[in-house]
Amino acid sequence: MNINLIIKPVKISILALLSIFILTCVLTVSSILLLDYVKPSGLFAVTPHEKLVIDNVNIVDPSNNEVLRNRQVTIENGIISEINIAKTPFENSKFIDGEGDYLTPGLMDMHVHMHDRKHLMLTLAHGVTTVRSLRGQPKHLRWKNELENNEWLGSNLYSSSPVLAGAGTHALNQEVLTPEDGANQVKLANSKGYDSIKVYGDLDAKTFESIMNTAKKLNIPVAKHAPLPAQGSHWQYIENIQSLEHVEDIFQGLLNYEFDANKLQGIALQLKKLNTPFVPTLETFNHLTQLSVHKQSFIDTLPLEYLNPLYFDIERLFSVSRWLEVSEEHANFNKKELNFLLETVKALHDHNVKLLVGSDTGTMYTIPGIATHNEIKLMKQAGLPNYKILQAATINAAEALGVENKYGSIDVGKIADLVLSNQNPLKNIETLQQPTAVIKNGQYIDKKTLNLIKDSAKEHSYYWSVIALLEDLLTRFVFS
């Protein structure tokens, strides 16, 4: 037998596999290098600034729970330059008759996970003019730069660092094992231009404290997953930071799964003493509850065409499938817990803990923009008055980000990020779900254009999403 007849096919297959591997690497690296230049179709343009006069509007002031009626708002170069009584003479301006509608500061969602540029368009189309994304990737820095350079129309983007987490965390987070590594990760995130640090509590105490101390020295804000310090650390490390996240961690952590209303009051008082804003993220727990109770019938009600297909698959594999498979008993427990979480948010409000609106968009099939309004609806269901919810979605968020001089209220000198609605949101907050128009940095976006933006947001690229994810993984695990 000629042994070459046996060996030759093996040699060919190995060479073929090696060639495919090399070609794949070349294509991947080439694609990553192109990410700075490739943008999806269907982005909407930022128009040049023009003087804009919006007449005959009622200005909503959540801070004082009042409406300033019959006003005229003048916007120049994206800035509110004048607020007068309506019908004040004007000239050389684009004129909009507000027809007695209500003008509200643009909404701010302080806990999202942005997977696609189109999601920043979609949030804007729902009147959410600013978002804070809390699992940073290189693509977010790119998008932030593009938005600041007016390359396309979307919500303002603030991005945290990659999530700094303890041993055994999943691949989308950054594993940090030592105090030195913790300090270096904070310095790296700061040097790259991330706006804040996102930190989990599963770190060992020394590493957690190193992260918090380094962030304080560099004056970079911190958002902490769960409202408690790392085990073995001290409460002082989460005083006066940018925010604490997730109300379920009060029940699952501080209360150790006990439905104890008395203990809850003491915890609310303790959280108030921290002087740190709190982001409940009720919507993501609501979604997992609906998934566990109603299964596929709940999924069938969702406009899934808005979700990025790659992250739709990731969520289905690693989170959604889990809740579709739980028992009826577990589903009923989730319902009971959700009701208790609503009580918890009310207790935080009653103890004057500063609350922020944050939907955890991007998890559990939550839909950008829609999820923000669902979060508002849940806070309303918890018993909060409309003006307090609006404060949480406007001025409180602006103060947490340190940009209250630019956003969060309708005042002369502030950037014109505004929402126009038919009804008074202080009385009917649901009116903000269907804005008449959105003004972004002085650009007037009418109802027709908002609908066109929503239609465009249904188009995504699976390939480029995969490449951006590979970029993040390579950046953190190979080149850092």
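Residues numbered from 1 in each chain as written. Predicted model: local features only at pLDDT ≥ 70, side-chain atom pairs only at ≥ 80, totals over all residues. Heavy atoms only, no water.

Caption draft 1: Region of interest: the overall build of the protein chain. Helices and strands together make up the secondary structure of the protein chain, namely 16 helices and 17 strands. In terms of C-alpha radius of gyration, the protein chain reaches 24 Å, essentially the compact-globule figure of 23 Å for 480 residues. On the principal axes, the C-alpha backbone points of the protein chain span a range of 100 × 60 × 50 Å. The buried share of the protein chain, taken over its 480 residues, is 54%. Of the contacts formed within the protein chain by residues at least 6 apart in sequence, a portion of 73% connects residues at least 24 apart. Between the mean site of the 44 positive side-chain charges and the mean site of the 52 negative ones, the protein chain shows a separation of 2 Å. (Helix = DSSP H or I, 4+ residues; strand = E, 2+ residues; numbered from the N terminus. Rg over C-alpha atoms; globule rule 2.2 N^0.38 Å. Buried < 20%, exposed > 50% of the residue type's maximum accessible area, 1.4 Å probe, protein only. Contact = heavy atoms within 4.5 Å. Lys, Arg positive; Asp, Glu negative; His and termini not counted. Charge placed at Lys NZ, Arg CZ, Asp CG, Glu CD.)

Caption draft 2: Structural view of the packing of aromatic side chains. Here the structure, examined in full by the defined rule, presents nine aromatic pairs. Where Phe251 meets Tyr257, the ring centres are 5.5 Å apart and the plane angle is 70 degrees; that geometry is what we call edge-to-face. Assessed through its relative accessible area of 1%, Phe251 is described here as buried. Seen from their ring centres, Phe251 and Phe259 are 4.6 Å apart, and the 40 degrees between their planes marks the pair as tilted. Cation over ring: Lys144 sits above Tyr158, and NZ or CZ is 4.8 Å from the ring centre. (Phe/Tyr/Trp six-rings, centres within 6.5 Å; stacked < 30°, edge-to-face > 60°. Lys NZ or Arg CZ within 6 Å of the ring centre and 35° of its normal.)

Caption draft 3: Spotlight on the side chain of Gln185. Assignment of secondary structure puts Gln185 in helix 4 (residues 179-192). Residues within four places of Gln185 in sequence aside, it is in contact with Leu164, Gln174 and Val176.

Caption draft 4: Representation of helix 7 (residues 261-274) in the model. In this model helix 7 runs 20 Å from its N-terminal to its C-terminal C-alpha over 14 residues, within 8% of the 20 Å that 1.5 Å per residue would give. When we look at burial in helix 7, the residues that qualify are Leu264, Ile267, Ala268, Leu271 and Leu274. Projected onto a plane normal to the axis of helix 7, the buried residues spread over an arc of 105 degrees and lie on a single side. The outward face of helix 7, more than 90 degrees from its buried face, is lined by the exposed residues Asn262 and Lys273. In the core, the buried residues of helix 7 are packed alongside strand 13 (243-245), helix 6 (248-254), strand 14 (278-279) and helix 11 (328-350). The N-cap residue of helix 7 is Asp260: its side-chain oxygen and the backbone nitrogen of Asn262 are 3.0 Å apart. In the segment just after helix 7, Asn275 is the residue with positive phi, at about 60 degrees. (Expected span 1.5 Å × (residues − 1). Arc of directions from axis to C-beta. Polar contact = N/O pair within 3.5 Å; in protein donor to acceptor, adjacent residues only side chain to side chain.)

Caption draft 5: Seen up close, the sheet that holds strand 6 (residues 107-112). Read across the open sheet, the three strands follow the order 6-7-8; overall the sheet is parallel. Single-partner strands in this sheet number two, and they are strand 6 and strand 8 (156-159). Across the sheet, the axes of successive neighbouring strands diverge by a mean angle of 15 degrees, strand direction being ignored. Two elements, strand 6 and strand 7 (residues 128-133), share four bridges in a ladder whose sense is parallel. Across the sheet, Asp109 pairs through a bridge with Val131, a residue of strand 7. On the sheet, helix 3 (residues 138-148) packs against strand 7 and strand 8 and is oriented at approximately 145 degrees with respect to strand 8. (Pairing = 2+ DSSP bridges. Axes fitted to C-alpha atoms, helices over the stretch in contact; angles between N-to-C directions.)

Caption draft 6: Just the pairing of strand 8, in detail. The side-chain alternation of strand 8 yields two buried faces, one formed by Asn156 and Tyr158 and the other by Leu157 and Ser159. Relative to strand 8, strand 7 runs parallel, the two sharing four bridges. Among the inter-strand pairings, Thr130 is bridged to a residue of strand 8, identified as Asn156. Running through helix 3, the crossover from strand 7 to the neighbouring parallel element strand 8 is right-handed. (Right-handed = clockwise from strand over helix to strand, strands pointing away.)

Caption draft 7: Spatial organisation of the environment of Leu124. Note on placement: Leu124 falls in helix 2 (residues 117-125). With a relative accessible area of 1%, Leu124 lands in the buried category. Distance in space between the C-alpha atoms of Leu124 and Val419 is 9.8 Å, their sequence separation being 295 residues. Those residues in contact with Leu124, other than ones at most four positions away along the chain, are Thr129, Leu153, Gly154, Ser155, Val438, Lys440 and Ile445.

Caption draft 8: Quick peek at the packing of helix 3 against helix 16 (residues 462-477). Their axes nearest at 8 Å, the elements helix 3 and helix 16 cross at an angle of 115 degrees. Contacts between helix 3 and helix 16 involve Pro138, Lys139 and Arg142 on the former and, on the latter, Ala468, Glu471, Asp472 and Thr475. For the contact of helix 3 with helix 16, a count of residues per class yields two nonpolar, one polar and four charged. (Nonpolar A, V, L, I, M, F, W, Y, C, P; charged D, E, K, R; others polar.)

Caption draft 9: Geometry of the confidence of the model for the protein chain. The share of residues in the protein chain with pLDDT of 70 or more is 94%, and the mean pLDDT across the chain is 93. Here residues 1-11 is modelled with pLDDT under 50, and outside its nearest four sequence neighbours on either side it reaches two contacts, counting other chains as well. (pLDDT = per-residue confidence, 0-100.)

Caption draft 10: Highlighting the environment of Ile439. Within the secondary structure layout, Ile439 lies in strand 16 (residues 437-440). Taking the C-alpha atoms as reference points, Ile439 and Ala416, separated by 23 residues in sequence, lie 6.6 Å from one another.

Caption draft 11: Inspection of the nonpolar core at higher detail. Formed by 92 residues in total, the largest nonpolar core has its most connected members in Ile197, Ile250, Leu271, Phe278 and Leu355. For this core, the leading source of residues is helix 11, giving seven residues. Ignoring any residue separated from it by four or fewer positions in sequence, one finds Leu271 in contact with Pro227, Trp235, Leu244, Ile250, Phe278, Leu348 and Val353. If you look at the next biggest cluster of nonpolar residues, it comprises 15 residues, including Leu52, Ile96, Ala416 and Ile439. (Core = buried A, V, L, I, M, F, W, Y, C linked by side-chain atoms within 4.5 Å.)

Caption draft 12: Seen up close, the pattern of salt bridges. Applying the stated criterion to the full structure yields 15 salt bridges. A salt bridge links Glu146 to Arg117, with the nearest nitrogen and oxygen atoms 3.0 Å apart. Of this pair, Glu146 sits in helix 3 while Arg117 is found in helix 2, placing the two residues 29 residues apart along the sequence. Salt bridges linked by common partners bring Lys39, Arg117, Glu146 and Glu151 together as one network. (Salt bridge = Lys/Arg side-chain N within 4 Å of Asp/Glu carboxyl O.)

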